[in-house]
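One-letter residues, chain by chain:
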Amino acid sequence: MNSNSRGTDGGIGAHLSYLLVLSRPRFWLYLAGPVLVGAVYAANTASDLFAPAPVTLFGYFLLPANVFLYGINDVYDQEIDAANPKKDDREARYRGQGYVPAVVGLCAAVPLLFVPLLPTAAIPWLVAFLVLGAAYSAPPARFKTTPFVDSLSNGLYITPGAASYAAVAGSQPPVLAVVGGWLWAMGMHTFSAIPDIEPDREMGIRTTATVLGTRGTYVYCSICWLAGAAAFGALDVRLGALMLVYPALVAAIATASVAVDRAYWWFPAINTVVGAVLTMGGLWRVLYG
């Protein structure tokens, strides 16, 4: 049973398998990873990292938040995804299963259970994630169909890290870190939209990528990532240097004979490595700083 038929028939096992594919496991760390980064840079001691708030946030953003974010996207993109080749093997194609919207709504409501564990400073970031995550895909806002707003709204990917930082520190993260992370997320989102340019154009969908085209999107992503690296560099030159890997990769992909559809699938591994370096740097500060 492939990902396109999984979840449309069969028992609970088939439904759970479909939801797992829908949640995009290779992208789980895009939400859960920032939780780790935020926690290690806010912590003063190793025990801070294992407090109930950051552990709970990590668990939520590892799976339920991904079901919410990608599930609501798939529900409202059903017609568009019918012609999207990514849905043929690497992702799940939503076919109107009635339980999917219910599970998505449940995953959106899960934070109500653990809000009492969080300091007040963390709650706005959690609300921002849920609001932006819904507004990106669902009408009437449907930010994903408005060029440049689609990119800007995808700063939502750093909200888990900001929430985690606030949960551990009890105060807001540095503004430069938020700006740098937001710009990184804007570039990452827009780069990931390049493989969808043709399917989106065929469906009459306007996005930052469809407006700019492949080459223009490369330039846009490079600008976002260079500006993000500058913001991080203003905090710590080592952070800025690390983030320069992204504009360097865009330059390499744009000038080499590498299909962007193929290069797109490298980024989960690249982001994991960069996130691991960031996390290890924060841990070093906690343990030996």
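In this text, all values refer to a predicted model and were calculated from it rather than measured experimentally. (Residues numbered from 1 in each chain as written. Predicted model: local features only at pLDDT ≥ 70, side-chain atom pairs only at ≥ 80, totals over all residues. Heavy atoms only, no water.)

### Remarks on the overall build of the chain
Where we set the bar: By the criteria applied, helices consist of DSSP H or I runs no shorter than four residues and strands consist of E runs no shorter than two, each listed in order from the N terminus. Throughout, radius of gyration means the C-alpha value; the globule benchmark is 2.2 Å times the number of residues raised to the power 0.38. Burial status follows relative accessibility: with a 1.4 Å probe on protein chains alone, a residue under 20% of its type maximum counts as buried, one over 50% as exposed, and anything between as partly exposed.
A count of helical and extended segments in the chain gives 17 helices and zero strands. Relative to the compact-globule value of 19 Å for 289 residues, the chain shows a C-alpha radius of gyration of 19 Å, a close match. Structurally, the chain occupies a C-alpha span of about 50 × 45 × 35 Å along its principal axes. Evaluated residue by residue, the chain yields a buried proportion of 53% over its 289 residues.

### Observations concerning the nonpolar core
We apply this condition: Residues belong to one nonpolar core when they are buried, are Ala, Val, Leu, Ile, Met, Phe, Trp, Tyr or Cys, and are joined through side-chain atoms within 4.5 Å.
Formed by 67 residues in total, the largest nonpolar core has its most connected members in Phe61, Phe129, Phe191, Trp225 and Phe267. Counting residues in each nonpolar core, the second largest holds eight residues, with Ala39, Val40, Ala42 and Val286 among its members.

### Examining helix α6 (residues 99–109)
To keep things clear, this is the line we draw: It is the directions from the helix axis to the C-beta atoms that the arc portrays. Only heavy atoms enter the contact rule, under which two residues are in contact if any of them lie within 4.5 Å.
Every buried residue of α6 is listed here: Val100, Val104 and Cys107. Looking straight down α6, one finds its buried side chains confined to an arc of 65°; they lie on one side. For α6, the exposed residues set more than 90 degrees away from the buried face come down to Ala102 and Leu106. Of the surrounding secondary structure, the elements contacted by the buried residues of α6 are α1 (12–22), α3 (52–62), α4 (64–76) and α7 (111–114).

### Thoughts on the UniProt feature "transmembrane region" (unreviewed entry) in the chain
For the record, the criterion: UniProt positions are given in the numbering used here, feature names are shortened, and annotations may be inferred rather than shown by experiment.
Residues annotated by UniProt as "transmembrane region" (unreviewed entry) correspond here to residues 27–43, 55–76, 97–117, 123–141, 217–235, 242–260 and 266–287. Its end C-alpha atoms 34 Å apart, residues 97–117 is made of 71% helix and 0% strand. Helix makes up 79% of residues 123–141 and strand 0%, whereas the separation of the span's terminal C-alpha atoms amounts to 22 Å.

### Let's talk about the packing of aromatic side chains
In plain terms, the rule: Aromatic contacts are taken between Phe, Tyr and Trp rings whose centres are within 6.5 Å, Trp giving its six-membered ring; a plane angle under 30 degrees counts as stacked, one over 60 as edge-to-face, and the others as tilted.
In the structure shown here, the tally under the stated rule is 19 aromatic pairs. Here Phe191 and Phe267 contribute two aromatic rings whose centre-to-centre distance is 4.7 Å and whose plane-to-plane angle is 45°, an arrangement assigned as tilted. Of this pair, Phe191 sits in helix α11 (residues 175–192) while Phe267 sits in helix α17 (residues 267–288); the two residues are 76 residues apart in sequence, bridging distant segments of the chain. The same class applies to Phe191 and to Phe267, which are both buried. The interplanar angle of 25° and the centroid separation of 6.5 Å between the aromatic rings of Tyr246 and Phe267 together place this pair among those described as stacked. Of this pair, Tyr246 sits in helix α15 (residues 245–255) while Phe267 sits in helix α17, placing them 21 residues apart in sequence.

### Observations regarding the pattern of salt bridges
What counts here: Take a side-chain nitrogen of Lys or Arg and a carboxyl oxygen of Asp or Glu: if they are within 4 Å of each other, that pair is a salt bridge.
Inspection of every chain in the model, using the stated rule, returns three salt bridges. Asp74 is the salt-bridge partner of Arg24, the closest N and O atoms lying 2.9 Å from each other. Here Asp74 lies in helix α4 and Arg24 lies in the loop between α1 and α2 (28–42), a separation of 50 residues in the sequence. Side by side, Arg24 and Asp74 carry an identical accessibility label, which is buried.

### Quick look at the environment of Gly170
Position of Gly170 among the secondary structure elements: in the loop between α10 (159–169) and α11. Taking relative accessible area as the criterion, Gly170 reaches 47% and is therefore assigned partly exposed. Between the C-alpha atom of Gly170 and that of Ala121, which follows or precedes it by 49 residues, the distance is 6.2 Å. In this structure, Gly170 is in contact with Ala121 and Tyr165, ignoring residues within four places of it in sequence.

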